[in-house]
Amino acid sequence: MATVELRFSAQPEHVRTARLVAAAVARRAGVDEAVLDEVRLAVGEACSRAVGLHRSHGVTAPVRVLLTEEEKSFSIEVGDEVPVSGVPAGAEAGKHGSGSGDDHEDADGRDQMGLAVISGLVDDVEVTTGEQGGVIRMTWPTNPVTIVS
């Protein structure tokens, strides 16, 4: 199991870099070429969501992206460090980042839209939230790579 970890400051201009790295690692892991655009788009949505959460809540910690190649799958985890007060891990994703006293009606709408886009692009998506922040885990099947010498 090979893992690549990427951390970047919560700046929108770094999302493009995360998309490029994700596509390159996915290609190397054996994700079908026809699916690489979906990988790029899904990672872009997940990273944009994390950047938005960090910026709107004043979190200075970096956004983290883990790209993991397993035997028959490739997964990407995009994590933020915006805690959800009083909401147990795995609770409704749309409530992520909205604590008491926050006015996040518009942010919640954008959050839901981003999660809907990701769900439309990726068959296997898991969203978890908790006191340590949130994680979007996306998984794609891989094809065995044939090495020709």
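Residues numbered from 1 in each chain as written. Predicted model: local features only at pLDDT ≥ 70, side-chain atom pairs only at ≥ 80, totals over all residues. Heavy atoms only, no water.

Novice: Just to check I follow, could you spell out the side chain of serine 75 for this structure?
Specialist: Take serine 75: it is sitting in strand 3 (residues 73-79). On the basis of relative accessibility, which here comes to 1%, the residue serine 75 falls in the buried class. In this structure the side chain of serine 75 is engaged in a polar contact, spanning 3.4 Å, whose partner is the side chain of arginine 137. In contact with serine 75, not counting residues within four places along its chain, are Leu66, Leu67, Thr68, Glu70, Arg137, Met138 and Thr139. (Helix = DSSP H or I, 4+ residues; strand = E, 2+ residues; numbered from the N terminus. Buried < 20%, exposed > 50% of the residue type's maximum accessible area, 1.4 Å probe, protein only. Polar contact = N/O pair within 3.5 Å; in protein donor to acceptor, adjacent residues only side chain to side chain. Contact = heavy atoms within 4.5 Å.)

Novice: How do you make sense of a negative patch on the surface when you look at a structure like this?
Specialist: Taken together, the side chains of Glu38, Asp123, Asp124 and Glu126 define an acidic patch exposed on the protein surface. Among the secondary structure elements, glutamate 126 is positioned in strand 4 (residues 124-130). Judged by relative accessible area, glutamate 126 falls into the partly exposed class, the value being 45%. (Patch = residues over 30% accessible without salt bridge, like charges linked within 9 Å, V, L, I, M, F, W, Y side chains within 5 Å. Areas by Shrake-Rupley, 256 points an atom, 1.4 Å probe, with all protein chains shown as cover. Salt bridge = Lys/Arg side-chain N within 4 Å of Asp/Glu carboxyl O. Lys, Arg positive; Asp, Glu negative; His and termini not counted. Charge placed at Lys NZ, Arg CZ, Asp CG, Glu CD.)

Novice: What is the right way to read helix 2 (residues 36-57) from this model?
Specialist: Given 3.6 residues per turn, any residue in an α-helix points the same way as the ones three and four places further on. For helix 2, spanning 22 residues, the distance from its first C-alpha to its last is 32 Å, which sits close to the expected 32 Å at 1.5 Å a residue. Among the residues making up helix 2, those that are buried are Leu36, Val39, Ala42, Val43, Gly44, Ala46, Cys47, Arg49, Ala50, Val51, Leu53 and His54. Just downstream of helix 2, glycine 58 is the residue with a positive phi angle, here 70 degrees. (Expected span 1.5 Å × (residues − 1).)

Novice: Help me understand the pairing of strand 2 (residues 63-69), please; the structure alone is not making it clear to me.
Specialist: Residues in a regular strand project their side chains so that they alternate between the two faces of the sheet. Direction of pairing for strand 1 (residues 2-8) relative to strand 2: antiparallel, over a ladder of seven bridges. Looking at strand 2, one finds that leucine 6 is bridged to valine 65. By the bridge criterion, six bridges tie strand 2 to strand 3 in an arrangement that is antiparallel. Paired with leucine 67 across the two strands is isoleucine 76, which belongs to strand 3. In textbook terms, the turn of a hairpin is the stretch between consecutive antiparallel strands, and for strand 2 and strand 3 this stretch comprises three residues. (Pairing = 2+ DSSP bridges.)

No statement about biological role is implied by the geometric values presented.
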